[in-house]
There are 2 protein chains.
Amino acid sequence: MLGNFSYKNATKLYFGDDSLKYLYEELPKYGPNVQLIYGGGSIKRSGLYDEIVKILKDCGKNIVEDGGVMPNPTTDKLYEGVRIARDHHSDLLLAVGGGSCCDYAKAVSVSVHCDEDPWDKYYLRFEEPTCEIVPVGCILTMAGTGSEMNAGAVITNHEQKLKIGHVFGEDVMPKFSILNPRYTMTLPKKQMVAGIYDIFNHICEQYFSGEDDNTSDYLAEALMKSVIKSSLTAVEDPEDYEARSNIMWAATWALNTLIAKGKSGDWMVHMIGQAAGAYTDATHGMTLSAVSLPYYRHIMPYGLKKFVRFAEEVWNVSPDGKSDEQIAGEGLEAMKDWMKKIGVAMRLSEIGATEDMIDGITEATIILDGGYKVLTKDEIKQIVRESM
Amino acid sequence: MLGNFSYKNATKLYFGDDSLKYLYEELPKYGPNVQLIYGGGSIKRSGLYDEIVKILKDCGKNIVEDGGVMPNPTTDKLYEGVRIARDHHSDLLLAVGGGSCCDYAKAVSVSVHCDEDPWDKYYLRFEEPTCEIVPVGCILTMAGTGSEMNAGAVITNHEQKLKIGHVFGEDVMPKFSILNPRYTMTLPKKQMVAGIYDIFNHICEQYFSGEDDNTSDYLAEALMKSVIKSSLTAVEDPEDYEARSNIMWAATWALNTLIAKGKSGDWMVHMIGQAAGAYTDATHGMTLSAVSLPYYRHIMPYGLKKFVRFAEEVWNVSPDGKSDEQIAGEGLEAMKDWMKKIGVAMRLSEIGATEDMIDGITEATIILDGGYKVLTKDEIKQIVRESM
């Protein structure tokens, strides 16, 4: 059921290996002070930092440094970014990096002119910004989160052991994003693979809800098939530009609200994965892969029809002479084979989780509805244990 | 090959059977004079006209009447619309109808402040607007053209026997569009079916170019499959709201530039169909269906690999023990069966074309490259003859 919804997504995307030059077109639209947001310094080693600084200077901008964004941006870093933006009257937040940098930039963008504590307002009370929003632009160096064309921003509070994502309204979306598949090639393979699984799981979380087959289900399957095909090429040859292009483009459309239309969405793999992430600080995509199969095996009986479709349409499982349970099961086995082939984490113990964290991860998991079954805490504990 | 491109599509869409109420949110953003554009008066019979007039009055707008937009809007009507807009200082062009009304509104929008002849500038010389563009909003009553979320506008010049589409830049896209599937139910079945084929052909025109399989190919297949499934439901029961919803939503995404990324595009079915349309004034979708199969049979050998994929992925043709030619041929046969099932025109003679028009239609066909074969005039003549 497509139902009632609105859609607007005004982010301007520049895609391809010549896309950085369009920064010259975008920068003149904003004031003089550009807060340059980046992570641990890989963009300095790759030379991208220097290229961007040159363009900023060519455009007469004042550069406000804001490096050191960590893979799971924290509340402490958020408060620091807000202070920097206030002190320097930042007119544009230019995030250079992966989803963490983009998410962080959006979280800063709604907090600079906010007179309440942003963690409390946006992440604990899930309120919308009522203040002016500082514009955000992104230069993406990792494909995965879709943050470059959506209004989501995940922030981790270590003190409270909470990692929470808020999907804001359309005004919080980046004004522009530069997507150069070549930048994603400088990433270690493990990061590439984590990103690929993140993309795939974003699609699954939206796909595995509802029993009808509306246009969004078909589009979701299309994106999954494109990601599966390109990922198998990319793990063999990470320098395959075309494969990296398709992964990057699919990532953007996997989580920019299009395939969510008419779907309630599940998001429990993200909820459990994020809880595990708050404990282990492991890479986001790997926390998702580690809990996925136990989760899907658990909910399969409640959404059997969709798991059958998933097996047939996405994994080409032949239905001949098989029960629905068999078909659906073979679909998950095919998915497992693919996960192993690309090399994602198959268990939480591989990424730093220990048995004594089971209770804590269970407790920290936010329970959402929207999927085929609203889980109890006991069921989550069972899934977390099976994921160890 | 995805290649280099930019993407921005900022049209705000309101979808669903409650979507008209959002006109109250949109209207206050524009000045007082609203040019109300519509067709032959079906919206007066359905009551939609009165509903819209009430909202316009509630919002304190001056209504500038501009009805009588014909199925293939003409240059004469365009000049009239421009005069109306100039005389009444229209601040918003509100199109209520199908693709013709939306196309017409966009053509007017770039012509009101243009001091050259818009037909010459935009349709013969394919120039971009350099003047102020009057904003456009759409309330869609027919699914098909995708005009509600793109910058295309097809205009027919009867004197010159030319029907030409110009795809403008992103600034010409509607600011908002209201998509209520229920409005499409008041259409005669023939119009619904013509719209469905128009959607399907938009996807084909983009799909049948290139030999790789990038993300756009997967998305195109997804939209085709959704349209095929929903069309079969809708021809049985035109009141099936869910089927009409999926058709309407797929139509929007079939031609809003997304699935064109990385594709050169063919568009020759549209070129031949539009030439036939200029001679017969037949419904756009029916001119496309009438020439499609002769065209695709003709180019199949030049893009065989893609026609094989089309057969297997879209029509579930089993490849076992068959040559590529057989598989591809069976795909076109399956497409033909579907076309007959939904009831589109299979020949130009069904929609008013006569043998003596063959030369003229051939002559009026604009030859584009981008597909698997750049046609000669002789080949076009052959295809037109086979379509009779």
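### Describing the overall build of chain A
- Summing up its helical and strand segments, chain A has 15 helices and eight strands in all.
- Taking 21 Å as the expected radius of gyration for a compact globule of 388 residues, we find that chain A reaches 20 Å, a close match to that expectation.
- Reported as C-alpha extents along the three principal axes, the dimensions of chain A are approximately 70 × 45 × 40 Å.
- For chain A, the proportion of its 388 residues judged to be buried stands at 56%.
- Contacts in chain A between residues at least 24 apart in sequence constitute 79% of all its contacts with a sequence separation of at least 6.

### Section: the packing of helix α7 (residues 189-207) of chain B against helix α9 (residues 241-254) of chain B
Residue and element names in this part refer to chain B.
- Packing of α7 against α9 leaves a shortest axis separation of 9 Å and a crossing angle of 35°. The way α7 lies across α9 gives a crossing that is left-handed. Together, I196, I199, H202 and I203 of α7 and I247, A250, A251 and A254 of α9 make up the contact between the two elements.
- Looking at the contact of α7 with α9 residue by residue, the class counts come to seven nonpolar, one polar and no charged.

### Overview of the domain arrangement of chain A
Residue and element names in this part refer to chain A.
- The domains assigned to chain A are domain 1 (12-183) and domain 2 (190-387).
- Distance between the C-alpha centres of domain 1 and domain 2: 27 Å.
- In this complex, domain 1 contributes 18 residues to the contact, which on the side of domain 2 involves 27 residues.
- Taken together, the residues of the side of domain 1 that touches domain 2 break down into eight nonpolar, six polar and four charged.

### Side note on the interface of chain B and chain A
- Opposite the 31 residues of chain B that make contact, chain A presents 31 residues.
- Elements with a minimum of two residues in the side of chain B that touches chain A: β1 (5-15), α8 (215-236) and α9 of chain B.
- By residue number, the principal contributor to the side of chain B that touches chain A is β1 of chain B, which donates nine residues.
- Here strand β1 (residues 5-15) of chain A runs beside β1 of chain B; their pairing, made up of seven bridges, is antiparallel.

### Looking at helix α5 (residues 99-109) of chain A
Residues and elements named next belong to chain A.
- With 11 of 11 residues buried, α5 is to be regarded as a mostly interior element.
- Looking only at α5, the buried set comprises G99, S100, C101, C102, D103, Y104, A105, K106, A107, V108 and S109.
- Its buried side turned inward, α5 meets β2 (33-37), α4 (75-88), β4 (92-97), α6 (118-124), β5 (136-140) and β6 (152-157).

### A word on the nonpolar core
- Membership of the largest hydrophobic core comes to 257 residues, with the highest contact counts inside it found for L223 of chain A together with L223 of chain B.
- Among all residues touching L223 of chain B, those that are not within four sequence positions of it are Y218 of chain A together with I203, A250, W253, A254 and I259 of chain B.

### What to know about the sheet that holds β4 of chain A
- If you trace the 12 strands from one edge of the open sheet to the other, you get β3(A)-β2(A)-β4(A)-β5(A)-β8(A)-β1(A)-β1(B)-β8(B)-β5(B)-β4(B)-β2(B)-β3(B), paired in mixed fashion. At either end of the open sheet lies a strand with only one pairing partner, and these are β3 (62-66) of chain A together with β3 (62-66) of chain B. Looking at each pair of strands side by side, their axes are set apart by 25° on average, direction ignored.
- The pairing of β2 of chain A with β3 of chain A spans five bridges and is classified as parallel. Across the sheet, the residue bridging to Q35 of chain A is V64 of chain A, located in β3 of chain A.
- Along the sheet, α5 of chain A makes contact with β2, β4 and β5 of chain A, crossing β4 of chain A at roughly 165°.

### Things to note about the pairing of strand β7 (residues 162-167) of chain A
Residues and elements named next belong to chain A.
- Examined bridge by bridge, β6 and β7 share six bridges and lie antiparallel to one another. Bridging across to β7, V154 finds its partner in G165.
- The antiparallel pairing of β6 with β7 creates a hairpin that spans four residues between the two strands, and K161 there sits at a positive phi of about 50°.

### A short note on unusual backbone geometry
Residue and element names in this part refer to chain A.
- Phi at D281 takes a positive value of approximately 60°, unusual for a residue other than glycine.
- Within the secondary structure, D281 is located in the loop between α10 (268-280) and α11 (284-299).
- By the C-beta count within 10 Å, which is 16 here, D281 ends up partly exposed.

### Remarks on the environment of Y79 of chain B
- Within the element layout of this structure, Y79 of chain B appears in helix α4 (residues 75-88).
- The sequence separation of Y79 of chain B and S387 of chain B amounts to 308 residues, and the corresponding C-alpha distance is 34 Å.

### A few points about helix α7 (residues 189-207) of chain A
- For α7 of chain A, with 19 residues, the first-to-last C-alpha span of 27 Å sits near the 27 Å given by 1.5 Å per residue.
- The buried fraction of α7 of chain A is high, at 17 of 19 residues.

### Observations regarding the relation of the copies chain B and chain A
- Its rotation angle being 180°, the transformation that places chain B on chain A also includes 0.0 Å of axial translation and leaves an RMSD of 0.0 Å. Viewed as a symmetry operation, the transformation between the two copies matches a two-fold axis. Within chain B, the C-alpha atom positioned nearest to the axis of rotation is that of A10 of chain B, 2.1 Å from it.
- By residue overlap, the copies meet face to face through one surface: 100% of the interface positions of chain B are interface positions in chain A.

### Let's talk about the packing of helix α11 (residues 284-299) of chain B against helix α13 (residues 324-342) of chain B
Residue and element names in this part refer to chain B.
- At a minimum axis distance of 11 Å, the contact between α11 and α13 shows a crossing angle of 170°. The angle between α11 and α13 places the two elements in the roughly antiparallel class. Residues S289, L293, Y296 and R297 of α11 form the contact with α13, whose participating residues are L332, K336 and M339.
- Its residues placed into classes, the contact of α11 with α13 shows four nonpolar, one polar and two charged.

### A few points about the environment of Q160 of chain B
- Mapped onto the elements of the fold, Q160 of chain B is located in the loop between β6 (152-157) and β7 (162-167).
- A C-alpha to C-alpha distance of 34 Å links Q160 of chain B and L179 of chain B, two positions 19 residues apart in sequence.

### Some thoughts on the environment of L27 of chain A
All names here are of chain A.
- Position of L27 among the secondary structure elements: in the loop between α1 (23-26) and β2.
- Given 20 C-beta atoms within 10 Å, L27 falls into the buried group.
- Once the C-alpha coordinates of L27 and L94 are considered, the two residues, 67 residues apart in sequence, prove to be 9.8 Å apart.
- Those residues in contact with L27, other than ones at most four positions away along the chain, are C59 and K61.

### Some thoughts on the confidence of the model for chain A
- For chain A, mean pLDDT is 96; residues scoring 70 or higher make up 100% of the total.
- Interface confidence for the predicted complex, expressed as ipTM, amounts to 0.96; the pTM equals 0.96.

### Looking at the pairing of strand β8 (residues 176-179) of chain A
Residue and element names in this part refer to chain A.
- Burial along β8 is two-sided: the face carrying F176 and I178 and the face carrying S177 and L179 are both buried.
- Bridge analysis of β5 against β8 gives four bridges, and the strand direction is parallel. By the bridge assignment for β8, C138 is matched with S177.

How each quantity is defined
Sequence order as written defines residue numbering, which begins from 1 separately in each chain. Here chains are named by letter from A upward and ligands by number from 1 upward, in the order in which they appear as written. It should be noted that, the model being predicted, local features are given only for residues of pLDDT at least 70 and side-chain atom pairs only at 80 or more, the latter also being counted only at that level, while totals for whole chains, interfaces and linings use all residues. Secondary structure counts use DSSP, requiring at least four H or I residues in a row for a helix and at least two E residues in a row for a strand, with both numbered from the N terminus. When we talk radius of gyration, it's over C-alpha atoms, and the globule rule is simply 2.2 Å times the number of residues to the 0.38. Counting other C-beta atoms within 10 Å of a residue's C-beta gives its exposure: the residue is buried at 20 or more, exposed at 12 or fewer, and partly exposed in between, where C-beta atoms are placed from the backbone. Here, residue contact means that the backbone-derived C-beta atoms of the two residues sit within 7 Å. Note on geometry: axes are lines fitted to C-alpha atoms, helical ones only across the stretch in contact, with angles between N-to-C directions running from 0 to 180 degrees. Handedness of a crossing follows from how the near helix is turned relative to the far one, being left-handed for an anticlockwise turn of less than a right angle and right-handed for a clockwise one. Classification used: nonpolar for Ala, Val, Leu, Ile, Met, Phe, Trp, Tyr, Cys and Pro, charged for Asp, Glu, Lys and Arg, polar for all others including Gly. Domain delimitation in this document rests on an assignment produced automatically or drawn from a domain database. Whether two strands pair comes down to DSSP finding at least two bridges between them. Note on terminology: a nonpolar core is any set of buried Ala, Val, Leu, Ile, Met, Phe, Trp, Tyr and Cys residues joined through C-beta atoms within 7 Å. To estimate how far a helix should reach, multiply one less than its number of residues by 1.5 Å. Here the copies are matched by least squares. The fit uses the C-alpha atoms of residues with pLDDT of at least 70 in both. For classification, angles of less than 35 degrees are called roughly parallel, those exceeding 145 degrees roughly antiparallel, those between 65 and 115 degrees roughly perpendicular, and all remaining angles oblique. pLDDT expresses how confident the predictor is about each individual residue, on a scale running from 0 to 100.

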